Amino acid sequence: MKKRFSLIVIGALFAFTAFSQDYQPRETWPFIYESFQTGNARTLDGTLVTDAPFNVAVHDGTLMYVGKDDTIMRCDMTHVYAAMLGEDPYVNVMGRMYKVLSELDCGMVLLGTEIDTEAQSKVNIGYGISTSTASSQSLALMMDGRFDTMGRKIQQTELDKFRGNVLPTRQTYYLRIGATLIPASKQEILSLPGVDKKEANAFLKQERIKWKEVPSLEKLLVFVSTQLNKQ
């Protein structure tokens, strides 16, 4: 299956700001990257925004940027198609940015980064409650308010970067086929409507699929796409 590079080359060459491998997002800096990355973003109508500082909010996956007046702003996710942050390509899926690990004719292998709510539930998040006592909806609203840096000056936010509590994160691999986003796990694949469970089990056993390795997930992407196209 031929690979596609439309997202990977949308901005040609980009300046890359390296970040520490032991970096962890914090309440005062709730972003995937330690520093805003110079890159490009493409809108759904094809408009290209070039050489702008971008980052991704870890609590809701939205694309953030630094405006002309040095304030942190949130992109309108209803208009964002894809972005390049440093050397990393991202695509917008249902209002959340996912890192593109591979793109084939039949779909993509994506990586999502989000707050690990299970780990977060072991600590108090303030307001007199722990995350384990909050519904997922109210928790999302609380997080959005607590970690909202929109409208703040980038200089002040950077000064506060390491003052807040660490936000535990988790990464999840996905297959994207058409408009469908599928978590890359054996349980999800075997229960996916349109996939023959017997054939899937045989394929997983034969190929010895490794769930966190891109070459294996590319094979899985092709298999699942073929299964779904039988319908």
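Heads up: these notes are all about the structure in this document. (Residues numbered from 1 in each chain as written. Predicted model: local features only at pLDDT ≥ 70, side-chain atom pairs only at ≥ 80, totals over all residues. Heavy atoms only, no water.)

Applying the stated criterion across every chain, the model contains 7 salt bridges. With a closest N to O distance of 3.9 Å, Asp-60 and Arg-74 form a salt bridge. Of this pair, Asp-60 sits in the loop between strand 2 (48-56) and strand 3 (63-66) while Arg-74 sits in strand 4 (residues 72-74), and the two are 14 residues apart along the sequence. Look at Arg-74 and you get partly exposed, because its relative accessible area is 22%. Between Glu-114 and Arg-170 there is a salt bridge; the shortest N-O distance is 3.0 Å. On the criterion of sequence distance, the pair formed by Glu-114 in strand 8 (residues 107-115) and Arg-170 in strand 11 (residues 169-177) is long-range, its members being 56 residues apart. Under the relative-accessibility criterion, Arg-170 is labelled partly exposed at 36%. Here the residues in one salt-bridge network are Arg-152, Asp-160 and Arg-163, joined through shared partners. (Salt bridge = Lys/Arg side-chain N within 4 Å of Asp/Glu carboxyl O. Helix = DSSP H or I, 4+ residues; strand = E, 2+ residues; numbered from the N terminus. Buried < 20%, exposed > 50% of the residue type's maximum accessible area, 1.4 Å probe, protein only.)

This part covers the nonpolar core. Grouped together as the largest cluster of nonpolar side chains are 22 residues, with contacts concentrated most on Leu-175, Ile-182, Leu-217, Leu-220, Leu-221 and Val-224. Among the secondary structure elements, those contributing two or more residues to this core are strand 8, strand 11, helix 4 (186-190), helix 5 (197-207) and helix 6 (214-228). Of all the elements, helix 6 adds the most residues to this core, at 5 residues. Apart from the residues lying within four places of it in its own chain, the contact partners of Val-224 are Leu-175, Ile-177, Ile-182, Ile-189, Leu-192 and Val-195. The next biggest cluster of nonpolar side chains, apart from the first, holds 17 residues, and it includes Ala-52, Val-58, Val-80 and Ile-115. (Core = buried A, V, L, I, M, F, W, Y, C linked by side-chain atoms within 4.5 Å. Contact = heavy atoms within 4.5 Å.)

Geometry of an aromatic ring pair is reported as the spacing of the ring centres plus the angle between the planes. Scanning the entire structure with this criterion turns up 6 aromatic pairs. Seen from their ring centres, Phe-31 and Phe-36 are 5.3 Å apart, and the 65° between their planes marks the pair as edge-to-face. Phe-31 gets classed as buried once you look at its relative accessible area, which sits at 1%. Ring centres of Phe-203 and Phe-223 lie 4.3 Å apart, and the angle between their planes is 5°; on these two criteria the pair is classed as stacked. (Phe/Tyr/Trp six-rings, centres within 6.5 Å; stacked < 30°, edge-to-face > 60°.)

This part takes up the environment of Val-80. Mapped onto the secondary structure, Val-80 falls in strand 5 (residues 80-85). In this structure, the C-alpha to C-alpha distance between Val-80 and Thr-43, residues 37 residues apart in sequence, is 4.5 Å. Setting aside anything within four residues of it in sequence, one finds Val-80 in contact with Arg-42, Thr-43, Leu-44, Leu-63, Cys-75, Asn-92 and Met-97.

Our next topic: the sheet that holds strand 7 (residues 96-104). Strands sit in the order 4-3-2-1-5-6-7-8-11-12 across an open sheet of 10 strands; the sheet is antiparallel. The sheet is open, and its two edges are formed by strand 4 and strand 12 (180-183), each paired on a single side. Neighbouring strand axes in the sheet, compared pairwise and without regard to direction, differ in orientation by 40° on average. Judged from the 4 bridges that link them, strand 5 and strand 6 (residues 88-93) form a sheet pairing that is antiparallel. Bridge pairing in strand 6 links Ala-83 to Tyr-90. Against the sheet, helix 6 makes contact with strand 7, strand 8, strand 11 and strand 12, and its axis sits at roughly 40° relative to strand 11, the strand it touches most. (Pairing = 2+ DSSP bridges. Axes fitted to C-alpha atoms, helices over the stretch in contact; angles between N-to-C directions.)

This part takes up the pairing of strand 8. The element strand 8 is extensively covered by neighbouring structure, given that 8 of its 9 residues are classed as buried. In this structure, strand 7 lies alongside strand 8, joined through 5 bridges in antiparallel fashion. Across the sheet, residue Lys-99 finds its bridge partner in strand 8, namely Leu-111. Hairpin connection between strand 7 and strand 8: a loop of 2 residues separates the two successive antiparallel strands.

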